[in-house]
Amino acid sequence: MYAELYNSNKDIKISLYEEGILSYGVTASMNYKKKIIKIIRHMLCKKDITEAFSTFYCFYPELYKGSLSVHAVPQIKLNSECSDILSRLFNVSSERLTYQEKYIFFTSVYDFEGGSPIGEYEVACAIRKIVGENNLLIKTHPRDIRTIYEVNGFKVDKNSSLPWEVIQLSKDFSNYIFLTVSSGSVLAGSLMSTNPVDTFYLYKCCDLTGNLLAQKTANDIYNLLSSEKMKKIFKNVKIVERLVEIDRNCK
């Protein structure tokens, strides 16, 4: 698309937008295919798409440390006009929001992407023993096409293919507990809710040594939660070192 538009306007500018608060530091990855494309375009005396990046739109511009021009996006809140529009667009009706389980576990991709499996599934099994099978719901990652949770008796959210932020804007989850190894979606419980949701990050309960992407995400989570600017917003979000802390903190 950029190549076609460039043919009509060689000065075209590209704006990027936030995919999640953990993506603020993400830059355009340059794998070998993209490097080849860039070289070829330069040989043809054409700009590469990365040279057209101009603006970054996000909810919290004060957290952005990149080189692009940054612009704030108005925050979306529960029961707002925008949340109603999003609910209609994704067909999020009240019938689809019957969440009965108190604990919702958000999976990530690092058992099948980024390097060696980190043991996320094993963590989910351990959590089930702590909180009880009927109290735990698994929200699978949209890119996870495996059936490992279903075939092993876990309750899996039927809305897993929908953006969690849209669901978060359609229901009050303040009486629930969010659990995850490294998902950024759980932060919507604090960013978009009047009443923040108790949230636990569990990456310290996994083995990240063979997965560089998981290590980077864990570092990004730590830096975000350590930010003085965000501590008040994320006061209900904790990083735990042992799973027993979940049971202890929730009593």
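A quick note: this is a predicted structure, and the numbers were derived from the prediction, not measured.

1. A look at the pairing of strand S7 (residues 177–180)
Move 1: Side-chain alternation along S7 places Ile177 and Leu179 on one buried face and Phe178 and Thr180 on a second face that is also buried.
Move 2: As judged from the four bridges shared by strand S4 (residues 103–106) and S7, these two strands associate in the parallel manner. Bridge pairing in S7 links Phe105 to Leu179.
Move 3: Note that S7 and strand S8 (residues 198–201) share four bridges and pair parallel. Counted as the bridge partner of Thr180 is Tyr201 from S8.

2. With respect to the sheet that holds S7
Move 1: One open sheet holds the six strands; their spatial order is S6-S5-S4-S7-S8-S9, and the pairing between them is parallel. At either margin of the open sheet sits one strand with a lone partner, and together these are strand S6 (155–156) and strand S9 (237–239).
Move 2: Across the sheet, helix H4 (residues 120–131) is in contact with S4, strand S5 (136–139) and S7; its angle to S4 comes to roughly 175°.
Move 3: Packed onto the sheet, helix H8 (residues 212–226) meets S8 and S9 and runs at close to 130° relative to S9.

3. Structural notes on the pattern of salt bridges
When charged atoms on two side chains of opposite charge get close, those side chains can pair.
Move 1: The full count for this structure, using the stated rule, is six salt bridges.
Move 2: Residues Glu101 and Lys155 are paired through a salt bridge, measuring 3.5 Å at the closest nitrogen-oxygen approach. Of this pair, Glu101 sits in the loop between helix H3 (81–89) and S4 while Lys155 sits in strand S6, and the two are 54 residues apart along the sequence.
Move 3: Of the residues examined, Glu101 reaches a relative accessible area of 9% and is grouped as buried.
Move 4: Across the pair Lys216 and Asp220 runs a salt bridge, and its minimum N-O distance is 2.8 Å. With Lys216 and Asp220 both in helix H8, this residue pair falls four residues apart, about one helical turn.
Move 5: For Asp220, a relative accessible area of 23% gives the class partly exposed.

How each quantity is defined
- Residues numbered from 1 in each chain as written.
- Predicted model: local features only at pLDDT ≥ 70, side-chain atom pairs only at ≥ 80, totals over all residues.
- Heavy atoms only, no water.
- Buried < 20%, exposed > 50% of the residue type's maximum accessible area, 1.4 Å probe, protein only.
- Helix = DSSP H or I, 4+ residues; strand = E, 2+ residues; numbered from the N terminus.
- Pairing = 2+ DSSP bridges.
- Contact = heavy atoms within 4.5 Å.
- Axes fitted to C-alpha atoms, helices over the stretch in contact; angles between N-to-C directions.
- Salt bridge = Lys/Arg side-chain N within 4 Å of Asp/Glu carboxyl O.

Everything listed is a geometric property; what it means functionally is a separate question.
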